[in-house]
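Residues per chain are reported as follows:
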Amino acid sequence: MLKSFVSAKCSATQLTRSGLLILISLSLLSSCGRSPGVYYEQFLGFGTLIEVKIWGVDEKTGRQAVAAITDDINYMHQTWHAWKPGSLSRINQLLPTEEFFSIGPSVIPLIRRGSELAELSGNRFNPAIGQLIKLWGFASDELPKGPPPSATAIQELLDQKPGMQDLILDGVQLKTSNPAVRLDFGGFAKGYAVDIAIEHLKELGITNAIVNAGGDLRAIGKHGERAWRVGIRNPSGEGVLASVDTLVDESIFTSGDYERYYEYQGKRYHHIIDPHSGYPARGVTSVTVFDSQADRADAAATALFVAGVDEWYQVAKAMGVNGVMLVTADGTIHMTPNLKDRVYFDIKPAPKIIYSEPLE
Ligand code: AMP
Ligand code: MG
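The sections below set out a description of the structure shown in this document. (Residues numbered from 1 in each chain as written. Chains lettered and ligands numbered in written order. Predicted model: local features only at pLDDT ≥ 70, side-chain atom pairs only at ≥ 80, totals over all residues. Heavy atoms only, no water.)

## A look at the site of ligand 1
Applied cut-off: Summary of the distance rule: residues count as near a molecule or strand when at least one heavy atom falls within 4 Å of that molecule or strand. For this analysis, a polar contact is any N or O atom pair within 3.5 Å, provided that within protein one partner can donate a hydrogen and the other can accept it, and provided that sequence-adjacent residues contribute only side-chain to side-chain pairs. Only the protein chains shown count as cover for residues, with accessible areas throughout obtained via the Shrake-Rupley method and a probe of 1.4 Å. Gly is placed with the polar residues, together with every amino acid not listed as nonpolar (Ala, Val, Leu, Ile, Met, Phe, Trp, Tyr, Cys and Pro) or charged (Asp, Glu, Lys and Arg).
As a matter of local geometry, ligand 1 sits amid 18 residues, with Arg124, Asn126, Ser255, Ile273 and Thr302 nearest to it. In the environment of ligand 1, a nitrogen atom lies 2.9 Å from a nitrogen or oxygen atom belonging to the backbone of Arg124. Asn126 is positioned with one of its backbone polar atoms (N or O) 2.8 Å from a nitrogen atom of ligand 1. Expressed as a share of its isolated accessible area of 500 Å², the protein-covered part of ligand 1 is 93%. Tallied by class, residues from the shell around ligand 1 come to 8 nonpolar, 6 polar and 4 charged.

## Things to note about the packing of aromatic side chains
The following threshold applies: The criterion for an aromatic pair is that two Phe, Tyr or Trp rings (for Trp, the six-membered ring) have centres within 6.5 Å, with stacked assigned to planes under 30 degrees apart, edge-to-face to planes over 60 apart and tilted to the rest. Counting from the N terminus, the helices are DSSP H or I runs at least four residues long and the strands are E runs at least two residues long. Throughout this description, buried means an accessible area under 20% of the type-specific maximum (1.4 Å probe, protein chains only), exposed means over 50%, and partly exposed covers the range between. Either the NZ atom of lysine or the CZ atom of arginine qualifies as a charge over a ring when it sits within 6 Å of the ring centre and within 35 degrees of the ring normal.
Going through the model one piece at a time under the given rule, you end up with 9 aromatic pairs. Summarising the aromatic geometry, the rings of Phe125 and Phe188 are spaced 5.4 Å apart at their centres and angled 65° between planes, so their arrangement reads as edge-to-face. Here the residue Phe125 occupies a position in the loop between helix H3 (108-120) and helix H4 (130-135), and Phe188 occupies one in the loop between strand E7 (173-176) and helix H6 (189-203), the gap between them amounting to 63 residues. For Phe188, a relative accessible area of 0% puts it in the buried group. Pairwise contacts between aromatic rings join Trp80, Phe125, Phe185, Phe188 and Tyr192 into one cluster. Looking at Lys175, its charged tip hangs above the ring of Phe100, at a distance of 5.3 Å from the centre. Over the aromatic face of Tyr269 sits the side chain of Arg282, whose NZ or CZ is 5.6 Å from the ring centroid.

## Comments concerning the environment of Lys340
Test applied: Note on contacts: a residue pair is in contact if any heavy atoms of the two residues lie within 4.5 Å.
Mapped onto the elements of the fold, Lys340 is located in the loop between strand E17 (333-335) and strand E18 (343-345). A sequence separation of 40 residues divides Lys340 from Ala300, and the C-alpha atoms of the two residues are 20 Å apart. In this structure Lys340 touches Met335 and Tyr355, once residues within four positions along its chain are discounted.

## Here's the deal with the sheet that holds strand E4 (residues 48-55)
Applicable threshold: Pairing between two strands is assigned when DSSP locates at least 2 bridges connecting them. Lines fitted to C-alpha atoms define the axes here, with helix axes fitted over just the stretch in contact, and angles between the N-to-C directions of these axes take values from 0 to 180 degrees.
Within the open sheet, the 9 strands sit side by side as E3-E4-E8-E9-E12-E15-E16-E17-E19. Their pairing is mixed. If you trace the sheet from one side to the other, it starts and ends with strand E3 (38-45) and strand E19 (353-355), each paired once. Between one strand and the next, the sheet's axes are offset by a mean angle of 10°, whatever the strand orientation. As paired elements, strand E15 (residues 284-291) and strand E16 (residues 323-328) share 6 bridges and run antiparallel to each other. By the bridge assignment for E16, Val287 is matched with Leu326. Relative to the sheet, helix H1 (residues 59-80) contacts E3, E4 and strand E8 (209-213), its axis offset from that of E3 by approximately 20°. The sheet contacts of H6 involve E8, strand E9 (216-220) and strand E12 (249-256), and relative to E9 the element is tilted by about 25°.

## Quick notes on the coordination of the magnesium ion (ligand 2)
Defined as follows: Counted as coordinating are nitrogen, oxygen and sulfur atoms within 2.8 Å of the metal, or 3.2 Å for Na, K and Ca, while water is not included, which may make sites look incomplete.
Within the first shell, the magnesium ion (ligand 2) binds the protein through Gly187 (O), Asp298 (O), Asp298 (OD) and Thr302 (OG1), at distances of 2.0 to 2.4 Å. Mapped onto the sequence, the donors of the magnesium ion (ligand 2) take the spacing G-x110-D-x3-T. With Gly187 in the loop between E7 and H6 and Asp298 in helix H7 (residues 294-319), this pair connects stretches of sequence that are 111 residues apart. For the pair Gly187 and Asp298, a shared accessibility class is recorded, and that class is buried.

## Notes on the packing of H1 against H6
We count it as follows: Note that the term roughly parallel is reserved for angles under 35 degrees, roughly antiparallel for angles over 145, roughly perpendicular for angles of 65 to 115, and oblique for everything else. Here a crossing is called left-handed whenever its near helix is offset anticlockwise from the far helix by less than a right angle, and right-handed whenever the offset is clockwise.
Relative to each other, H1 and H6 sit at 155°, their axes nearing to 10 Å. The orientation of H1 relative to H6 falls into the category roughly antiparallel. Taken as a pair, H1 and H6 cross one another with a handedness that is right-handed. Of H6, the residues touching H1 (which contributes Ala65, Ala68, Ile69, Asp72, Ile73, Met76 and Trp80) are Ala189, Tyr192, Ala193, Ile196, Ala197, His200 and Leu201.

## Structural notes on helix H2 (residues 87-94)
The following threshold applies: The arc in question is traced by the directions running from the helix axis to the C-beta atoms.
Those residues of H2 that sit buried are Leu88, Ser89, Ile91 and Asn92. What you see down the axis of H2 is that its buried residues fit within an arc of 155°, all on one side. Contact partners of the buried residues in H2: H1, strand E5 (101-102) and E7.

## Notes on H3
For clarity, the threshold we go by: Multiply 1.5 Å by the residue count of a helix minus one, and that product is the helix's expected span.
Its 13 residues give H3 an end-to-end C-alpha distance of 19 Å, which sits within 8% of 18 Å, the value for a rise of 1.5 Å per residue. Buried positions along H3 lie against H1, strand E6 (167-170), E7, H6 and H7. Phi turns positive one or two residues past the end of H3, at Gly122, with a value near 65°.

## Focus on the nonpolar core
Under the convention used in this document: Put simply, buried Ala, Val, Leu, Ile, Met, Phe, Trp, Tyr and Cys residues joined by side-chain atoms within 4.5 Å make one nonpolar core.
Core analysis: the largest hydrophobic core is formed by 68 residues, its most contacted members being Trp80, Ile91, Ile111, Leu183, Phe185 and Val324. A total of 14 residues in this core trace back to one element, the largest contributor, which is H7. Look past the residues within four positions of Ile91 in its chain and what remains in contact with it is Phe101, Ile103, Val107, Leu174 and Leu183. With 18 residues, the next largest nonpolar core counts Val38, Ala219, Ala242 and Ile252 among its residues.

## What about the pairing of strand E10 (residues 229-233)?
Of the two faces of E10, the one lined by Val230 and Ile232 is fully buried and the one lined by Arg229, Gly231 and Arg233 carries no buried residue. Pairing geometry for E10 and strand E11 (residues 240-245), over 5 bridges, is antiparallel. Residue pairing across strands places Arg229 opposite Asp245, the latter belonging to E11.

## Details of the sheet that holds E18
Pairing is antiparallel across the open sheet formed by 3 strands, whose spatial order is E10-E11-E18. Looking at strand neighbours, the two that pair on one side only are E10 and E18, the edges of this open sheet. Between one strand axis and the next, the sheet turns through 25° on average, direction left out of account.

In structure tokens:
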């Protein structure tokens with residue numbers, strides 16, 4: 001198992017656009033996000049800052065629990081990475097042969113779950129479009145600079161219609177009938193990993209915790225007598241758009257056009273690609289999904305971003321998620337009514353909110 005994480009206890013950490021890591025050590029305990037009764041630790045994983053908060057445990061229990069999930073997360077990140085050497089990059093090398101080959105067992109559940117979620121989303125979430133993501137330059141640590149790919153190159157890939165349904169899995173043997181398929185699990189691997197981390201914490205007897213991977217999180221239990229309160233990033237600028245009191249087991253995942261992008265001749269090209277048009281999805285700046293399962297919340301946030309203002313509601317219903325908050329390019333917020341009583345907006349002036357029909 002790879003042990004390459006940087007223990008960033010008590011550090012303010014951010015990833016710059018070029019992917020360079022800046023660690024600024026801070027000596028004040030208060031800046032670590034600690035509050036009384038909470039064991040707090042942070043480390044780097046999945047290319048982001050991972051924060052773990054556990055309520056009501058002693059230091060030793062907290063430290064052991066975080067060490068266990070740090071190992072899990074580093075292993076998963078290496079195994080499922082789309083372009084760094086590991087199980088998935090080997091799969092991507094062998095898929096174009098159209099012959100059966102053996103794959104690492106840890107990738108199998110990801111392929112199965114990815115296929116299920118892709119189907120539910122009507123292929124708006126499509127982890128088989130690895131070639132398209134690479135063509136746009138996002139299969140790299142460095143952000144591309146442009147120009148965007150040619151319309152002809154995009155169309156050539158679209159014409160081959162790669163999808164998870166083109167994969168044939170027989171035990172540990174995998175092949176595809178479509179040589180254009182390349183896997184990129186960037187749209188839901190973090191959610192899948194957060195689920196595994198939370199399950200691991202539960203097995204260790206921990207019932208009140210948050211695993212927060214760069215703003216995407218799953219919370220279980222409570223913070224003492226009250227709910228865990230978490231923030232949702234403002235897609236148009238720094239700071240927090242809203243705070244949320246979480247349910248007793250809830251995942252909150254956001255996809256945004258501000259996360260990875262480049263500008264070329266005044267236009268923003270971001271990393272969420274509409275598999276039907278072949279271009280970055282337009283019209284939405286962020287989508288936050290609330291659900292009991294982190295993997296589904298993550299896949300759904302990507303899918304609803306692609307679905308846009310007109311289709312998000314029907315796709316959310318099909319995927320079976322619990323709640324949605326979508327921010328359009330003009331700052332209007334579309335939201336499911338079940339979130340009304342526990343989402344608190346922190347921005348001024350107050351945003352325009354349009355409530356949808358309930359999802360159930
Ligand atoms: P997220 O931030 O969860 O929305 O994931 C974005 C990442 O998912 C991108 O960086 C790509 O690696 C991948 N991706 C982009 N578009 C799609 C899509 N339509 N379906 C599945 N994965 C995608
Ligand atoms: Mg996602």
